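Residue-level listing of the chains:
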Amino acid sequence: MSLFGQMMTILRAKISALLSGAENPEETLEYAYQRQLELLQKVRMNMVNVVAAKRRLEAQLASLENQLSRLDEQARQALQAGREDLARLALERKVFAQQQVAALEAQVRDLAEQQNRLIEAEQRLRQRVEAFRTRKEIIKAQYSAAEAQARINEAITGLSEELADVGLAIERAEEKTARLKARAEAIDELLAVGALPDYLTGRDVLERELGQAQLQAGVEAELARLKAELQPGQRPALKEGEG
Amino acid sequence: MIVRISGEGQYRLNADAARHLNELDNELVRLVEARDEAGFYTRFRELIEWVRSRGERVPADEVVPSDVIIPPPDLTFEEARKVFRGEGLVPG
(Lines give C-alpha, C1' and ligand atoms only; values in the text may rest on other atoms or scores of the structure.)
Protein backbone atom coordinates (compact mmCIF):
# COMPACT_ATOMS: atom_id res chain seq x y z
CA MET A 1 0.00 0.00 0.00
CA SER A 2 1.30 3.44 -0.90
CA LEU A 3 0.58 6.77 0.69
CA PHE A 4 0.55 8.64 -2.62
CA GLY A 5 -1.45 5.87 -4.26
CA GLN A 6 -4.08 6.12 -1.56
CA MET A 7 -4.25 9.91 -2.01
CA MET A 8 -4.80 9.35 -5.73
CA THR A 9 -7.60 6.92 -4.93
CA ILE A 10 -9.23 9.40 -2.55
CA LEU A 11 -9.19 12.20 -5.12
CA ARG A 12 -10.27 9.94 -8.00
CA ALA A 13 -13.28 8.82 -6.02
CA LYS A 14 -14.15 12.48 -5.47
CA ILE A 15 -13.60 13.27 -9.14
CA SER A 16 -15.89 10.52 -10.37
CA ALA A 17 -18.51 11.67 -7.89
CA LEU A 18 -18.11 15.21 -9.23
CA LEU A 19 -18.40 14.17 -12.86
CA SER A 20 -21.17 11.66 -12.49
CA GLY A 21 -23.79 14.28 -13.32
CA ALA A 22 -22.08 15.70 -16.42
CA GLU A 23 -22.22 14.05 -19.81
CA ASN A 24 -20.13 16.34 -22.02
CA PRO A 25 -17.42 19.02 -21.66
CA GLU A 26 -20.05 21.78 -21.81
CA GLU A 27 -21.89 20.35 -18.85
CA THR A 28 -18.69 19.59 -17.00
CA LEU A 29 -17.60 23.18 -17.36
CA GLU A 30 -20.93 24.52 -16.17
CA TYR A 31 -20.90 22.04 -13.34
CA ALA A 32 -17.33 22.93 -12.36
CA TYR A 33 -18.28 26.59 -12.46
CA GLN A 34 -21.31 26.05 -10.23
CA ARG A 35 -19.34 23.89 -7.83
CA GLN A 36 -16.60 26.47 -7.69
CA LEU A 37 -19.13 29.14 -6.66
CA GLU A 38 -20.51 26.79 -4.01
CA LEU A 39 -17.03 26.08 -2.74
CA LEU A 40 -16.30 29.78 -2.51
CA GLN A 41 -19.50 30.14 -0.50
CA LYS A 42 -18.37 27.32 1.76
CA VAL A 43 -14.96 28.87 2.28
CA ARG A 44 -16.64 32.13 3.31
CA MET A 45 -19.01 30.39 5.69
CA ASN A 46 -16.10 28.55 7.13
CA MET A 47 -14.33 31.85 7.68
CA VAL A 48 -17.34 33.23 9.55
CA ASN A 49 -17.37 30.15 11.79
CA VAL A 50 -13.68 30.42 12.46
CA VAL A 51 -13.99 34.09 13.37
CA ALA A 52 -16.89 33.27 15.72
CA ALA A 53 -15.00 30.41 17.37
CA LYS A 54 -11.95 32.64 17.60
CA ARG A 55 -13.84 35.45 19.34
CA ARG A 56 -15.30 32.99 21.76
CA LEU A 57 -11.92 31.51 22.49
CA GLU A 58 -10.46 34.95 23.02
CA ALA A 59 -13.14 35.65 25.63
CA GLN A 60 -12.36 32.32 27.20
CA LEU A 61 -8.67 33.10 27.20
CA ALA A 62 -9.45 36.25 29.15
CA SER A 63 -11.40 34.21 31.73
CA LEU A 64 -8.55 31.77 31.91
CA GLU A 65 -6.12 34.61 32.53
CA ASN A 66 -8.34 35.67 35.42
CA GLN A 67 -8.33 32.18 36.80
CA LEU A 68 -4.57 32.11 36.57
CA SER A 69 -4.18 35.09 38.87
CA ARG A 70 -6.88 33.81 41.21
CA LEU A 71 -5.18 30.43 41.49
CA ASP A 72 -1.87 32.16 42.09
CA GLU A 73 -3.43 34.13 44.92
CA GLN A 74 -4.97 30.95 46.36
CA ALA A 75 -1.60 29.22 46.29
CA ARG A 76 -0.07 32.15 48.17
CA GLN A 77 -2.84 32.06 50.79
CA ALA A 78 -2.42 28.33 51.19
CA LEU A 79 1.32 28.71 51.75
CA GLN A 80 0.72 31.46 54.29
CA ALA A 81 -1.62 29.09 56.08
CA GLY A 82 1.13 26.49 56.08
CA ARG A 83 -0.81 24.23 53.74
CA GLU A 84 1.69 23.28 51.07
CA ASP A 85 -0.61 20.50 49.83
CA LEU A 86 -3.30 23.03 48.94
CA ALA A 87 -0.77 25.39 47.40
CA ARG A 88 0.40 22.50 45.24
CA LEU A 89 -3.16 21.77 44.18
CA ALA A 90 -3.78 25.37 43.21
CA LEU A 91 -0.51 25.54 41.28
CA GLU A 92 -1.27 22.31 39.44
CA ARG A 93 -4.51 23.86 38.31
CA LYS A 94 -2.70 26.99 37.30
CA VAL A 95 -0.26 25.03 35.15
CA PHE A 96 -3.14 23.08 33.63
CA ALA A 97 -4.95 26.32 32.75
CA GLN A 98 -1.75 27.69 31.23
CA GLN A 99 -1.49 24.60 29.04
CA GLN A 100 -5.07 25.12 27.90
CA VAL A 101 -4.26 28.68 26.94
CA ALA A 102 -1.24 27.61 24.88
CA ALA A 103 -3.14 24.78 23.16
CA LEU A 104 -6.05 27.04 22.24
CA GLU A 105 -3.79 29.73 20.84
CA ALA A 106 -1.99 27.15 18.69
CA GLN A 107 -5.28 25.76 17.39
CA VAL A 108 -6.59 29.17 16.41
CA ARG A 109 -3.34 30.00 14.58
CA ASP A 110 -3.45 26.69 12.73
CA LEU A 111 -6.99 27.21 11.58
CA ALA A 112 -6.33 30.77 10.41
CA GLU A 113 -3.45 29.46 8.27
CA GLN A 114 -5.66 26.81 6.80
CA GLN A 115 -8.27 29.39 5.87
CA ASN A 116 -5.69 31.47 4.06
CA ARG A 117 -4.60 28.47 2.04
CA LEU A 118 -8.22 27.76 1.18
CA ILE A 119 -8.72 31.23 -0.19
CA GLU A 120 -5.66 30.81 -2.39
CA ALA A 121 -6.91 27.41 -3.53
CA GLU A 122 -10.27 28.84 -4.47
CA GLN A 123 -8.59 31.59 -6.51
CA ARG A 124 -6.52 28.98 -8.30
CA LEU A 125 -9.63 26.98 -9.08
CA ARG A 126 -11.36 30.07 -10.44
CA GLN A 127 -8.42 30.76 -12.76
CA ARG A 128 -8.48 27.17 -13.94
CA VAL A 129 -12.18 27.24 -14.69
CA GLU A 130 -11.54 30.32 -16.84
CA ALA A 131 -8.50 28.71 -18.47
CA PHE A 132 -10.53 25.64 -19.28
CA ARG A 133 -13.24 27.75 -20.86
CA THR A 134 -10.73 29.38 -23.22
CA ARG A 135 -8.72 26.27 -23.91
CA LYS A 136 -11.76 24.24 -24.86
CA GLU A 137 -12.49 26.57 -27.77
CA ILE A 138 -8.87 26.64 -28.89
CA ILE A 139 -8.62 22.85 -28.75
CA LYS A 140 -11.79 22.46 -30.77
CA ALA A 141 -10.49 24.84 -33.44
CA GLN A 142 -6.99 23.35 -33.64
CA TYR A 143 -7.47 19.61 -33.49
CA SER A 144 -9.41 16.92 -35.24
CA ALA A 145 -12.57 15.84 -33.47
CA ALA A 146 -11.02 12.71 -31.93
CA GLU A 147 -7.85 14.47 -30.83
CA ALA A 148 -9.79 17.40 -29.47
CA GLN A 149 -11.95 15.07 -27.42
CA ALA A 150 -8.86 13.41 -25.89
CA ARG A 151 -7.35 16.77 -24.97
CA ILE A 152 -10.56 18.13 -23.60
CA ASN A 153 -10.94 15.00 -21.50
CA GLU A 154 -7.48 15.52 -20.10
CA ALA A 155 -8.30 19.11 -19.25
CA ILE A 156 -11.56 18.00 -17.63
CA THR A 157 -9.67 15.53 -15.46
CA GLY A 158 -7.25 18.30 -14.46
CA LEU A 159 -10.07 20.70 -13.66
CA SER A 160 -11.99 18.09 -11.71
CA GLU A 161 -8.86 17.19 -9.78
CA GLU A 162 -8.49 20.84 -8.75
CA LEU A 163 -12.14 20.96 -7.78
CA ALA A 164 -11.87 17.72 -5.80
CA ASP A 165 -8.74 18.94 -4.04
CA VAL A 166 -10.32 22.22 -2.96
CA GLY A 167 -13.33 20.19 -1.81
CA LEU A 168 -11.06 18.00 0.28
CA ALA A 169 -9.29 21.01 1.79
CA ILE A 170 -12.67 22.50 2.73
CA GLU A 171 -13.78 19.27 4.38
CA ARG A 172 -10.63 19.20 6.44
CA ALA A 173 -11.04 22.83 7.44
CA GLU A 174 -14.67 22.18 8.38
CA GLU A 175 -13.65 19.28 10.54
CA LYS A 176 -11.03 21.38 12.30
CA THR A 177 -13.51 24.22 12.79
CA ALA A 178 -16.01 21.78 14.27
CA ARG A 179 -13.37 20.48 16.66
CA LEU A 180 -12.45 24.02 17.68
CA LYS A 181 -16.10 24.83 18.25
CA ALA A 182 -16.63 21.68 20.31
CA ARG A 183 -13.62 22.60 22.38
CA ALA A 184 -14.88 26.14 22.89
CA GLU A 185 -18.23 24.72 24.04
CA ALA A 186 -16.58 22.30 26.44
CA ILE A 187 -14.50 25.12 27.93
CA ASP A 188 -17.59 27.32 28.16
CA GLU A 189 -19.33 24.66 30.22
CA LEU A 190 -16.33 24.18 32.44
CA LEU A 191 -15.95 27.92 32.95
CA ALA A 192 -19.67 28.20 33.70
CA VAL A 193 -19.44 25.77 36.59
CA GLY A 194 -16.11 27.27 37.57
CA ALA A 195 -14.48 23.93 37.18
CA LEU A 196 -11.98 24.43 34.42
CA PRO A 197 -8.81 23.64 36.33
CA ASP A 198 -10.84 21.10 38.20
CA TYR A 199 -9.24 17.89 37.08
CA LEU A 200 -8.16 16.63 40.50
CA THR A 201 -11.00 17.44 42.85
CA GLY A 202 -13.76 19.99 42.97
CA ARG A 203 -12.90 23.67 43.08
CA ASP A 204 -15.25 23.86 46.03
CA VAL A 205 -13.07 21.39 47.83
CA LEU A 206 -10.00 23.53 47.28
CA GLU A 207 -11.81 26.64 48.44
CA ARG A 208 -13.42 24.92 51.36
CA GLU A 209 -10.12 23.42 52.43
CA LEU A 210 -8.40 26.72 51.96
CA GLY A 211 -11.18 28.34 53.97
CA GLN A 212 -10.75 25.65 56.60
CA ALA A 213 -7.01 26.27 56.63
CA GLN A 214 -7.60 29.99 57.08
CA LEU A 215 -10.17 29.27 59.72
CA GLN A 216 -7.76 27.03 61.53
CA ALA A 217 -5.00 29.57 61.17
CA GLY A 218 -7.40 32.12 62.64
CA VAL A 219 -8.31 29.77 65.48
CA GLU A 220 -4.63 29.13 66.12
CA ALA A 221 -3.96 32.86 66.21
CA GLU A 222 -6.85 33.44 68.58
CA LEU A 223 -5.71 30.57 70.72
CA ALA A 224 -2.18 31.95 70.82
CA ARG A 225 -3.53 35.35 71.83
CA LEU A 226 -5.61 33.84 74.58
CA LYS A 227 -2.71 31.74 75.78
CA ALA A 228 -0.53 34.84 75.84
CA GLU A 229 -3.14 36.60 77.95
CA LEU A 230 -3.19 33.68 80.30
CA GLN A 231 0.60 33.79 80.81
CA PRO A 232 1.67 33.51 84.47
CA GLY A 233 2.78 37.16 84.49
CA GLN A 234 -0.78 38.30 83.89
CA ARG A 235 -2.41 35.98 86.37
CA PRO A 236 -2.08 38.24 89.35
CA ALA A 237 -4.60 40.59 87.81
CA LEU A 238 -7.12 37.79 87.65
CA LYS A 239 -6.24 36.66 91.12
CA GLU A 240 -6.68 40.15 92.41
CA GLY A 241 -10.15 40.16 90.95
CA GLU A 242 -10.90 36.86 92.58
CA GLY A 243 -9.57 37.88 95.91
CA MET B 1 5.76 14.67 -14.47
CA ILE B 2 3.09 16.58 -12.56
CA VAL B 3 3.03 16.32 -8.78
CA ARG B 4 0.23 17.75 -6.68
CA ILE B 5 0.67 18.68 -3.06
CA SER B 6 -2.90 18.39 -1.87
CA GLY B 7 -4.34 21.71 -0.72
CA GLU B 8 -1.37 23.60 -2.15
CA GLY B 9 -1.17 23.09 -5.91
CA GLN B 10 0.72 21.35 -8.70
CA TYR B 11 4.43 21.22 -9.50
CA ARG B 12 6.18 20.10 -12.66
CA LEU B 13 9.22 17.89 -12.02
CA ASN B 14 11.48 16.07 -14.44
CA ALA B 15 10.76 12.43 -15.13
CA ASP B 16 13.52 11.00 -12.94
CA ALA B 17 11.87 12.55 -9.88
CA ALA B 18 9.46 9.61 -10.02
CA ARG B 19 12.01 7.15 -8.68
CA HIS B 20 12.96 9.35 -5.75
CA LEU B 21 9.30 10.02 -4.96
CA ASN B 22 8.61 6.31 -5.05
CA GLU B 23 11.42 5.65 -2.58
CA LEU B 24 10.12 8.36 -0.26
CA ASP B 25 6.62 6.96 -0.53
CA ASN B 26 7.88 3.49 0.48
CA GLU B 27 9.80 4.94 3.37
CA LEU B 28 6.76 6.84 4.64
CA VAL B 29 4.79 3.60 4.51
CA ARG B 30 7.47 1.87 6.58
CA LEU B 31 7.48 4.69 9.14
CA VAL B 32 3.71 4.63 9.54
CA GLU B 33 3.73 0.84 9.93
CA ALA B 34 6.53 1.12 12.51
CA ARG B 35 4.49 3.83 14.28
CA ASP B 36 7.54 6.06 14.12
CA GLU B 37 5.71 9.35 14.45
CA ALA B 38 8.76 11.60 14.77
CA GLY B 39 10.48 9.89 11.86
CA PHE B 40 7.37 10.22 9.76
CA TYR B 41 7.05 13.98 10.36
CA THR B 42 10.73 14.57 9.57
CA ARG B 43 10.62 12.57 6.34
CA PHE B 44 7.30 14.01 5.26
CA ARG B 45 8.52 17.59 5.75
CA GLU B 46 11.63 16.76 3.74
CA LEU B 47 9.48 15.37 0.97
CA ILE B 48 7.31 18.48 0.78
CA GLU B 49 10.39 20.72 0.77
CA TRP B 50 12.00 18.58 -1.91
CA VAL B 51 9.00 18.93 -4.23
CA ARG B 52 8.71 22.66 -3.59
CA SER B 53 12.39 23.33 -4.26
CA ARG B 54 12.86 20.97 -7.21
CA GLY B 55 9.53 21.53 -8.87
CA GLU B 56 8.24 24.38 -10.95
CA ARG B 57 4.80 25.63 -10.05
CA VAL B 58 2.18 24.80 -12.70
CA PRO B 59 0.58 28.11 -13.67
CA ALA B 60 -3.10 28.52 -12.79
CA ASP B 61 -4.13 28.82 -16.44
CA GLU B 62 -2.77 25.39 -17.25
CA VAL B 63 -5.24 22.59 -16.63
CA VAL B 64 -3.47 19.23 -16.32
CA PRO B 65 -4.07 16.08 -14.28
CA SER B 66 -1.41 14.96 -11.78
CA ASP B 67 0.76 11.84 -11.93
CA VAL B 68 1.38 11.81 -8.20
CA ILE B 69 -0.69 13.26 -5.36
CA ILE B 70 1.02 13.99 -2.07
CA PRO B 71 -1.13 14.48 1.05
CA PRO B 72 -1.55 18.01 2.48
CA PRO B 73 1.59 19.43 4.18
CA ASP B 74 -0.14 19.63 7.56
CA LEU B 75 -1.10 15.95 7.48
CA THR B 76 -1.05 14.49 10.98
CA PHE B 77 0.31 11.07 11.81
CA GLU B 78 -3.17 9.96 12.75
CA GLU B 79 -4.50 11.11 9.37
CA ALA B 80 -1.69 9.27 7.60
CA ARG B 81 -2.74 6.08 9.34
CA LYS B 82 -6.35 6.67 8.30
CA VAL B 83 -5.29 7.19 4.69
CA PHE B 84 -3.54 3.81 4.81
CA ARG B 85 -6.51 2.08 6.27
CA GLY B 86 -8.44 3.35 3.27
CA GLU B 87 -10.61 5.59 5.45
CA GLY B 88 -9.73 8.73 3.57
CA LEU B 89 -8.70 11.99 5.17
CA VAL B 90 -11.96 13.16 6.63
CA PRO B 91 -14.25 10.94 8.71
CA GLY B 92 -17.65 10.18 7.25
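Residues numbered from 1 in each chain as written. Chains lettered and ligands numbered in written order. Predicted model: local features only at pLDDT ≥ 70, side-chain atom pairs only at ≥ 80, totals over all residues. Heavy atoms only, no water.

Points about helix H2 (residues 37-54) of chain B
Under the 1.5 Å per step criterion, the end-to-end length of H2 of chain B is 26 Å for 18 residues, consistent within 8% with the ideal 26 Å. Residues of H2 of chain B that are buried: Gly39, Phe40, Phe44, Leu47, Ile48, Trp50 and Val51 of chain B. All buried residues of H2 of chain B project into a common sector of 160° when viewed along the axis, lining one side. Opposite the buried face of H2 of chain B, by more than 90 degrees, sit the exposed residues Ala38, Arg45 and Ser53 of chain B. Residues of H2 of chain B that are buried sit in contact with helix H1 (3-19) of chain A together with strand E1 (2-5), strand E2 (9-12), helix H1 (17-33), strand E4 (68-70) and helix H3 (77-84) of chain B. (Helix = DSSP H or I, 4+ residues; strand = E, 2+ residues; numbered from the N terminus. Expected span 1.5 Å × (residues − 1). Buried < 20%, exposed > 50% of the residue type's maximum accessible area, 1.4 Å probe, protein only. Arc of directions from axis to C-beta. Contact = heavy atoms within 4.5 Å.)

Concerning the nonpolar core
Counting 57 residues, the largest nonpolar core has Phe40, Leu47, Val51 and Ile70 of chain B as the members making the most contacts within it. With 12 residues, the top contributor of residues to this core is helix H4 (residues 145-192) of chain A. Excluding its chain neighbours within four sequence positions, the residues that come into contact with Phe40 of chain B are Leu3 of chain A together with Leu28, Leu31, Val32, Leu75, Phe77 and Ala80 of chain B. If you look at the next biggest cluster of nonpolar residues, it comprises 14 residues, including Leu57, Leu64, Leu104 and Leu180 of chain A. (Core = buried A, V, L, I, M, F, W, Y, C linked by side-chain atoms within 4.5 Å.)

A closer look at H3 of chain B
Among the eight residues of H3 of chain B, six are classified as buried, and the element is accordingly described as predominantly covered. For H3 of chain B, every residue scored as buried is listed here: Phe77, Glu79, Ala80, Arg81, Val83 and Phe84 of chain B.

A short note on the confidence of the model for chain B
Averaged over every residue, the pLDDT of chain B is 90; residues scoring 70 or more account for 92%. The ipTM for the predicted assembly is 0.88, set against a pTM of 0.71. (pLDDT = per-residue confidence, 0-100.)

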